[in-house]
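Coordinate inspection notes
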Amino acid sequence: MIPFLALGPTYHELKADIDDAIARVLDSGWYILGPEVEAFEAEWAAFCGASHAVGLANGLDALTLALRALDIGPGDEVIVPSNTYIATWLAVSAVGAKIVPVEPEPATHNIDPDRIAVAITPSTKVILPVHLYGQSADLNPILTLARAHGIFVVEDAAQAHGATYRGRHIGAHGDLVCWSFYPGKNLGAFGDAGAITTNRADLAERLQALRNYGSRRKYVNDEQGVNSRLDPIQAAVLRVKLSHLDAWTDRRRTIAAVYAEELKDSGLTLPHVPDWANPAWHLYVVRSPDRDRLQSNLTEAGVGTLIHYPIPPHMQEAYASLGLAAEALPLARQLANEVLSLPMGPHLTSADARAVAAAIRDARA
Ligand SMILES: *Cc1c(COP(=O)(O)O)cnc(C)c1O
């Protein structure tokens, strides 16, 4: 049995350090924001090569508050990928702005800069690329477009902890970079957590107020904020795990290399990695027109797989109100029908990856 992902082993490997970190917070008597959150923010900003990190309650809040910090609202348009987790779209809806979906480059599954260029209108305020599966979108043409039109770039980096674009970690290319530390992410808490990294001091300061009831001084509320504070217990856990992130990313890269080698003649479409990307391999996603049969054969062989994502946002009931036909975004629909995520994570060995590849070859024989 090779599970798609196992979270327990990470805890057991680090149990002594994690238990100490949690006990340290409980002993401190300080349970909201405070020194543990500030320490993680400093360490995460440094890892990302950003001047600031603001710890938040989850990744969806990070996206939503990023748009609020930029004063995005009704009448504004936000360009998002057509093939993403629905959170990216929900953040735009939450601030009342208009979702403008743009299709991906088929080879990388990431938003296509050429299609962004033709989707920009005078109402476009933000381009919101997602570094899907842990591989960076092509940021330079996106940043060039944004500068030319005076619009912001907000990155959804919920899958990209440790990924690099042209040699630099994701975390400070765009105006605001949004993170999730949901347990299954490459850097995951033991519950919900999120953050935004940025080089802009003014936006970091605004976000610190927005996450805390719009307050800068206790009982003085400058604007209508929310409660979306990073929990200090989760911050303490994340500090322990951050010290292992590079080693875990290396392990994911090794697994990805084994898959690439062992599956190169399998007939599956394998991930395409442009030379400017070094992915963090949150997911290793292959494509096959015969995906459903492959998945059920692998389940029978004891190999766990998942589909990211089976229904694109525009085909969800939640977005029926947009009135987009399934065919309106054909690439998003096709990818949803063909993608399959293989087991991936620091819990896997190279031998596991070879066994998965052998099971795939058998399943397709
Ligand atoms: C996980 C994820 C989110 C949302 O993060 P939560 O912490 O679960 O709210 C947003 N976007 C993408 C691409 C994700 O993978």
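Residues numbered from 1 in each chain as written. Predicted model: local features only at pLDDT ≥ 70, side-chain atom pairs only at ≥ 80, totals over all residues. Heavy atoms only, no water.

Named according to an unreviewed UniProt entry, the protein is DegT/DnrJ/EryC1/StrS family aminotransferase originating from Camelimonas fluminis. Looking at the Sequence similarities (unreviewed entry) heading of the UniProt record, one finds this comment for the protein: "Belongs to the DegT/DnrJ/EryC1 family." (UniProt positions renumbered as here; feature names shortened; annotations may be inferred.)

Inspection of the region around the ligand gives 14 residues, with Gly59, Asp156, Gln159, Ser180 and Lys185 positioned closest. Gln159 places a side-chain nitrogen or oxygen 2.9 Å from an oxygen atom of the ligand. At 2.7 Å, a side-chain N or O of Ser180 approaches an oxygen atom of the ligand. No other element matches the three residues that helix H3 (residues 59–69) contributes to the shell around the ligand. Partitioned by chemical class, the residues of the shell around the ligand number eight nonpolar, four polar and two charged. (Near = heavy atom within 4 Å. Polar contact = N/O pair within 3.5 Å; in protein donor to acceptor, adjacent residues only side chain to side chain. Helix = DSSP H or I, 4+ residues; strand = E, 2+ residues; numbered from the N terminus. Nonpolar A, V, L, I, M, F, W, Y, C, P; charged D, E, K, R; others polar.)

On to the packing of aromatic side chains, then. Enumeration over the complete set of coordinates arrives at 11 aromatic pairs. Ring geometry for Trp44 against Phe47: centres 5.2 Å apart, planes inclined by 10 degrees, an arrangement best described as stacked. Within this pair, Trp44 and its partner Phe47 are both found in helix H2 (residues 35–48), separated by three residues, close to a single helical turn. The two residues Trp44 and Phe47 agree in class, both being buried. Ring centres of Trp89 and Tyr319 lie 5.3 Å apart, and the angle between their planes is 65 degrees; this geometry places the pair in the edge-to-face category. (Phe/Tyr/Trp six-rings, centres within 6.5 Å; stacked < 30°, edge-to-face > 60°. Buried < 20%, exposed > 50% of the residue type's maximum accessible area, 1.4 Å probe, protein only.)

The strand order E7-E6-E12 describes an open sheet built from three strands, whose pairing is antiparallel. The open sheet terminates on both sides in strands that have one partner only, identified here as strand E7 (168–169) and strand E12 (277–278). Taken together, the two bridges between strand E6 (residues 164–165) and E12 define a ladder with antiparallel strand orientation. Residue Thr164 lies in a different strand from E12, and its bridge partner there is Asn278. (Pairing = 2+ DSSP bridges.)

What follows is about the nonpolar core. Nonpolar side chains tend to gather and get buried jointly when the protein is soluble and globular. Phe40, Trp44, Ile79, Ile116, Ile170, Trp179 and Phe181 are the most contacted members of the largest nonpolar core, which totals 46 residues. Put simply, the parts of the chain that give this core at least two residues each are H2, strand E3 (98–102), helix H5 (113–119), helix H6 (139–149), strand E8 (176–180) and helix H8 (232–262). Not counting residues within four places of it along the chain, the set of residues in contact with Ile116 comprises Ile79, Val102, Ile111, Ile127, Ile142 and Leu145. Listed in part, the 33 residues of the second largest apolar core include Val78, Val92, Val154 and Cys178. (Core = buried A, V, L, I, M, F, W, Y, C linked by side-chain atoms within 4.5 Å. Contact = heavy atoms within 4.5 Å.)

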